[in-house]
Amino acid sequence: MINVTEHKHFLQGRFTNRPSSFLIGQNIRLVIKLNLFDLHCDTAGECYNRKQPLYNGNLHINICKGESLDKWCQLFAIWIPDELRGKDAEEYFEKIFLNFKNEISINSEKIKLCKSLTDLNESENTGKCAAILTCEGASPFAGNDRIYAAEECGVKLITLTWN
């Protein structure tokens, strides 16, 4: 069972304090008390492509909009266009990833890239946005050794294709 506040509530500033509960294995439940746990946004790519800052950019999601939240966990997707394959896909991912990592660094007092449960707990305890990196489209990681590149970047979820 996952309690997810819809985007419209995020934009209108209405939140609940119900914990998010995740069944992560047989009889194992992870409970994180977050006001917003959003499973998808293309903001990482949109910051790069539109030359918008993560803090206050003119995008659907930004850090300023999240400042009214007590706790916020956001999956940030790097969307890979279907026509990109091989080196082109790798380079596209790398550009967006480096820009996103820079935006996280600039705003490190407000957001943390979470690569572990410890990072998630730290974000929750310090009031930072818990950022989880995802990738829509697996083409940047095609090949036997490329999947390790995703792990090194901290990608926690990869969809094989985005559509």
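This text gives an overview of the structure that appears in the document. (Residues numbered from 1 in each chain as written. Predicted model: local features only at pLDDT ≥ 70, side-chain atom pairs only at ≥ 80, totals over all residues. Heavy atoms only, no water.)

Some thoughts on the environment of arginine 146
Moving on, step 1. On the secondary structure map, arginine 146 appears in the loop between strand E6 (129-136) and helix H6 (147-153).
Moving on, step 2. For the pair arginine 146 and glutamate 90, spaced 56 residues apart in sequence, the C-alpha separation works out to 9.2 Å.
Moving on, step 3. Within polar-contact distance, the side chain of arginine 146 engages the backbone oxygen of proline 140 at 3.0 Å. (Helix = DSSP H or I, 4+ residues; strand = E, 2+ residues; numbered from the N terminus. Polar contact = N/O pair within 3.5 Å; in protein donor to acceptor, adjacent residues only side chain to side chain.)

Re the pairing of E6
The two faces of the sheet receive side chains in turn, since in a regular strand these alternate between them.
Moving on, step 1. Where burial is concerned, most of E6 is hidden: eight out of the eight residues are buried.
Moving on, step 2. Burial of the side chains of E6 extends over both faces: Cys129, Ala131, Leu133 and Cys135 are buried on one face and Ala130, Ile132, Thr134 and Glu136 on the other.
Moving on, step 3. In this structure, strand E4 (residues 72-79) lies alongside E6, joined through eight bridges in parallel fashion. Residue pairing in the sheet places isoleucine 78 in a bridge with cysteine 135 of E6.
Moving on, step 4. Examined bridge by bridge, strand E5 (residues 111-113) and E6 share three bridges and lie parallel to one another. Looking at E6, one finds that isoleucine 111 is bridged to cysteine 129.
Moving on, step 5. Considered for its hand, the β-α-β crossover made up of E5, helix H5 (residues 117-126) and E6 is right-handed.
Moving on, step 6. As paired strands, E6 and strand E7 (residues 155-159) are joined by four bridges and run parallel to one another. Across the sheet, the residue bridging to threonine 134 is leucine 157, located in E7.
Moving on, step 7. Since E6 and E7 lie parallel, the crossover through H6 that links them has a hand, and here it is right-handed. (Buried < 20%, exposed > 50% of the residue type's maximum accessible area, 1.4 Å probe, protein only. Pairing = 2+ DSSP bridges. Right-handed = clockwise from strand over helix to strand, strands pointing away.)

A few points about the nonpolar core
Moving on, step 1. Formed by 31 residues in total, the largest nonpolar core has its most connected members in Phe76, Phe93 and Phe100.
Moving on, step 2. Contributing elements (two or more residues each) for this core: helix H2 (43-49), E4, helix H4 (86-106), E5, E6 and H6.
Moving on, step 3. With seven residues, H4 is the largest single contributor of residues to this core.
Moving on, step 4. Those residues in contact with phenylalanine 93 that lie beyond four places of it in its chain are Ile78, Ile80, Cys135, Pro140, Phe141, Cys153 and Val155. (Core = buried A, V, L, I, M, F, W, Y, C linked by side-chain atoms within 4.5 Å. Contact = heavy atoms within 4.5 Å.)

Some points on the side chain of serine 139
Moving on, step 1. Along the chain, serine 139 falls in the loop between E6 and H6.
Moving on, step 2. Those residues in contact with serine 139 that lie beyond four places of it in its chain are Ile80, Leu84, Arg85 and Ala89.

Quick notes on H5
Moving on, step 1. Residues of H5 that are buried include every one of Asp119, Leu120, Ser123 and Glu124, and no others. Projected onto a plane normal to the axis of H5, the buried residues spread over an arc of 135 degrees and lie on a single side. Those residues of H5 that are exposed and aimed more than 90 degrees away from the buried face are Thr118 and Asn125.
Moving on, step 2. Positive phi appears at glycine 127, one or two residues downstream of H5, with a value of about 75 degrees. (Arc of directions from axis to C-beta.)

Examining the pattern of salt bridges
Moving on, step 1. Summed over the entire model, instances satisfying the criterion amount to five salt bridges.
Moving on, step 2. A salt bridge links glutamate 46 to arginine 50; the shortest N-O distance between them is 2.7 Å.
Moving on, step 3. What makes glutamate 46 partly exposed here is its relative accessible area of 26%.
Moving on, step 4. Residue glutamate 90 pairs with lysine 87 through a salt bridge whose shortest N-O separation is 3.5 Å. Within this pair, glutamate 90 and its partner lysine 87 are both found in helix H4, separated by three residues, close to a single helical turn.
Moving on, step 5. Looking at glutamate 90, the relative accessible area reads 19%, which means it is buried.
Moving on, step 6. Its relative accessible area of 57% is what places lysine 87 among the exposed residues. (Salt bridge = Lys/Arg side-chain N within 4 Å of Asp/Glu carboxyl O.)

By themselves, these figures tell us nothing about what the structure is for.
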